[in-house]
Amino acid sequence: MQCNICNKNEATIHIQEVINGAKKSLHICQGCADNKGLNVSGLNGVNLAELFKSVHNTLAPNQLSIKKPQDTNITIQPDLLICSSCLWDSEKLKKTGRLGCSECYKAFLGILEYSIPNLHRGFSHVGKKPNSAPHGKNEAMVDLFRLQMKLDKLVQSENYEEAALIRDKIKDLKLSIV
Amino acid sequence: MKVNFEPIDFLFKKPVSWLSANEQDAHIALSSRIRLARNIANLKFPINSNDVERENILEMVMSGTQKSSIFRDRLIFNMFDLSATDRKFLLERHLVSREFCTGNKGSSLFVDADEDFAIMVNEEDHIRLQAFAPGACLTNLWDKISGKESLLNNELPFAFDEKFGYLTSCPTNIGTGIRASVMLSLPGLTISNQMNQIIYAAGKLGMTVRGLYGEGSEAVGYVYQLSNQSTLGESEEEIITRIEKAIDQMIAHEKDARMVLAQGRREFLSDFIGRSYAILRHAYIISEKEALNALSVVRMGIDLKMFDSLSIEKINTLFVMAQDAHLQKCIRKELKAPELDIKRAELIRKLLIS
């Protein structure tokens with residue numbers, strides 16, 4: 001498979017993300033990864049969601065420069081699939097047999113479609129279905145999820161003032177949900 | 001029922017309500033359990049959540065259960081705050097799983113004071129609803145737990161997909177998220193060396209046979225839990241009907257095994273049961289496993305009319321009390337073997353003749 005950036009070399013790094021059910025894949029070669037600061041063996045404390053975003057932006061007409069991340073111990077391996085919603089990856093799935101969030105079912109569909117028929121007597125759901133969610137509750141949950149991810153980032157970057165504001169927002173939102 | 005003291009002490013002071021004594025085949029089918037795995041829509045699963053996120057989930061489920069009034073008299077146990085003995089105590093009452101006993105922050109058990117309904121919050125999934133009853137009665141349990149699940153769902157949206165059903169952290173639970181199990185005492189099949197065939201046959205029928213404390217545990221006390229393996233592709237009713245048929249067959253096989261032993265090897269069986277009783281009645285040091293095994297054999301002896309003055313209720317009480325954590329609660333001391341085994345033998349001797 002050719003690199004999506006230089007369109008010349010063989011791609012050795014494969015990244016996949018799923019946003020609202022739409023799957024996007026990115027295949028890049030080692031040279032372009034190095035040029036864009038994506039040192040696959042030494043990504044320091046980097047937020048992978050931001051990384052996805054940055055890499056996709058490089059493919060857009062208004063290319064943004066990617067700064068090489070510092071002080072990190074996260075390693076991206078070739079062929080590693082990552083859920084862009086919760087950052088769970090296919091290695092963790094293989095190691096624990098568990099998924100990180102409901103969106104992981106879309107991110108790792110390829111792996112799951114292979115394994116699920118061996119686990120169950122059928123391929124699709126039969127039986128009880130949820131009540132239709134009260135108006136706005138599902139949307140509120142999405143907001144809550146985003147705020148929690150944001151809070152994580154702020155705490156990691158020691159931005160405690162803003163983190164406190166987000167924490168209060170989470171508290172209010174929780175009260176409005178149940 | 002009003003609970004006025006520490007929840008653990010409250011549970012300790014009453015017999016477990018889900019162990020059968022008067023139900024049909026009470027000497028074989030001990031209890032039934034159904035659990036439903038659910039996750040709140042759009043939030044990360046517990047395995048991928050930090051302490052704060054798990055605490056948030058706990059608050060939401062706490063509030064959701066309160067608003068939906070699905071508990072009559074709710075007792076709350078925060079696993080993180082409990083001692084290792086108290087966690088094991090809840091495991092021995094089959095209210096929590098072994099995994100839940102690691103006691104992560106935000107992991108909490110809500111249980112009705114009658115112990116017939118419970119929710120584990122932040123186990124492998126956000127919500128694990130569980131309903132319990134004595135004997136084999138899965139259909140009634142399903143009606144009950146499904147009603148409570150619907151009420152909770154009015155307050156909390158659940159992660160669901162048209163193809164994969166209810167979405168769970170482990171793909172083995174997707175679809176219905178149901179695990180229906182019956183706890184069976186099978187000494188007849190075990191001592192006549194038929195359990196391996198039974199486990200193989202159960203596997204062929206899409207069932208799993210587990211030990212006394214569920215996943216990954218040993219079949220102590222000749223007790224096995226039979227449950228469905230698959231959760232996707234069949235409705236809850238279909239799964240339950242399939243298990244009920246398998247349970248009926250298991251009970252029939254166990255009765256046959258007991259009958260064959262009683263008719264063909266009467267002296268062997270009488271000796272085996274008599275020796276088990278003698279161990280319980282006269283031992284001064286007894287391990288948990290030895291005690292539970294002997295109690296199950298004596299339960300079979302009651303079924304075969306070998307004991308006039310012993311009741312299944314008494315054996316059930318001992319079966320619960322002889323477990324390590326219950327015993328330590330009883331003597332109000334944290335002991336290890338051999339001191340604990342000495343205390344166990346003392347308690348059993350005392351209760352057997354009371």
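The present account deals with the structure reproduced in this document. Here the residue index of a chain counts from 1 through its sequence in written order. Following the order in which they are written, the chains are lettered starting with A and the ligands numbered starting with 1. Only residues with pLDDT of at least 70 are given local features in this predicted model, and only at 80 or more are side-chain atom pairs given and counted; all residues enter the totals for whole chains, interfaces and linings.

What follows deals with the overall build of chain A. A run of H or I in DSSP becomes a helix once it reaches four residues, and a run of E becomes a strand once it reaches two; helices and strands are each numbered from the N terminus. A tally of helices and strands in chain A yields seven helices and two strands. Starting at the N terminus and walking to the C terminus, you meet the elements of chain A as β-β-α-α-α-α-α-α-α. The buried share among the 178 residues of chain A stands at 28%. Contact criterion: two residues are in contact if their C-beta atoms, reconstructed from the backbone, are within 7 Å. At a minimum sequence separation of 6, the contacts of chain A that also span at least 24 residues come to 50%. Counting other C-beta atoms within 10 Å of a residue's own tells you its class, since 20 or more makes it buried, 12 or fewer makes it exposed, and anything in between is partly exposed; those C-beta atoms are placed from the backbone.

All names here are of chain B. Most of strand β8 (residues 178-185) sits out of view: eight of its eight residues are buried. The alternating pattern of β8 places Ile178, Ala180, Val182 and Leu184 on one face and Arg179, Ser181, Met183 and Ser185 on the opposite face, and all of these are buried. The pairing criterion is simple: DSSP has to find at least two bridges between the two strands. Bridge analysis of strand β1 (residues 29-38) against β8 gives seven bridges, and the strand direction is antiparallel. Paired with Ser31 across the strands is Met183, a residue of β8. Bridging between β8 and strand β10 (residues 223-228) involves five bridges; their strand directions are antiparallel.

Attention now moves to the sheet that holds β1(B). All names here are of chain B. Across the sheet, eight strands lie side by side as β2-β3-β4-β5-β1-β8-β10-β9; this open sheet has antiparallel pairing. Of all the strands in the sheet, the pair left with one neighbour each is β2 (74-78) and β9 (207-210). Mean inter-strand twist for the sheet, computed between neighbouring axes without regard to direction, equals 20°. Here an angle of 0 to 180 degrees is reported between the N-to-C directions of two axes, which are lines fitted to C-alpha atoms, with helices fitted over the stretch in contact.

Contacts between chain A and chain B engage 38 residues on the former and 46 residues on the latter. Contributions of two or more residues to the side of chain A that touches chain B are made by α5 (109-119), α6 (137-156) and α7 (160-177) of chain A. Ranked by the residues each element gives to the side of chain A that touches chain B, the list is headed by α6(A), at seven residues. Among the residues forming the side of chain A that touches chain B, the class breakdown is 19 nonpolar, 13 polar and six charged. Each residue gets one of three labels, nonpolar for Ala, Val, Leu, Ile, Met, Phe, Trp, Tyr, Cys and Pro, charged for Asp, Glu, Lys and Arg, and polar for the others, Gly among them.

Remark: α7(A) packs on helix α2 (residues 51-68) of chain B, axes separated minimally by 10 Å, with the N-to-C direction vectors making an angle of 25°. Here α7(A) lies roughly parallel to α2(B), going by the angle between them. Between α7(A) and α2(B) the crossing geometry is right-handed. Contact residues: α7(A) offers Ile170(A), Lys174(A) and Ile177(A), while α2(B) offers Asn56(B), Glu59(B) and Met60(B). Residue composition of the contact of α7(A) with α2(B), by class: three nonpolar, one polar and two charged. What sets the label is the angle itself: under 35 degrees gives roughly parallel, over 145 gives roughly antiparallel, 65 to 115 gives roughly perpendicular, and the rest give oblique. Should the near helix be turned counterclockwise from the far one by less than a right angle, the crossing is left-handed, whereas a clockwise turn marks it as right-handed.

Everything listed is a geometric property; what it means functionally is a separate question.
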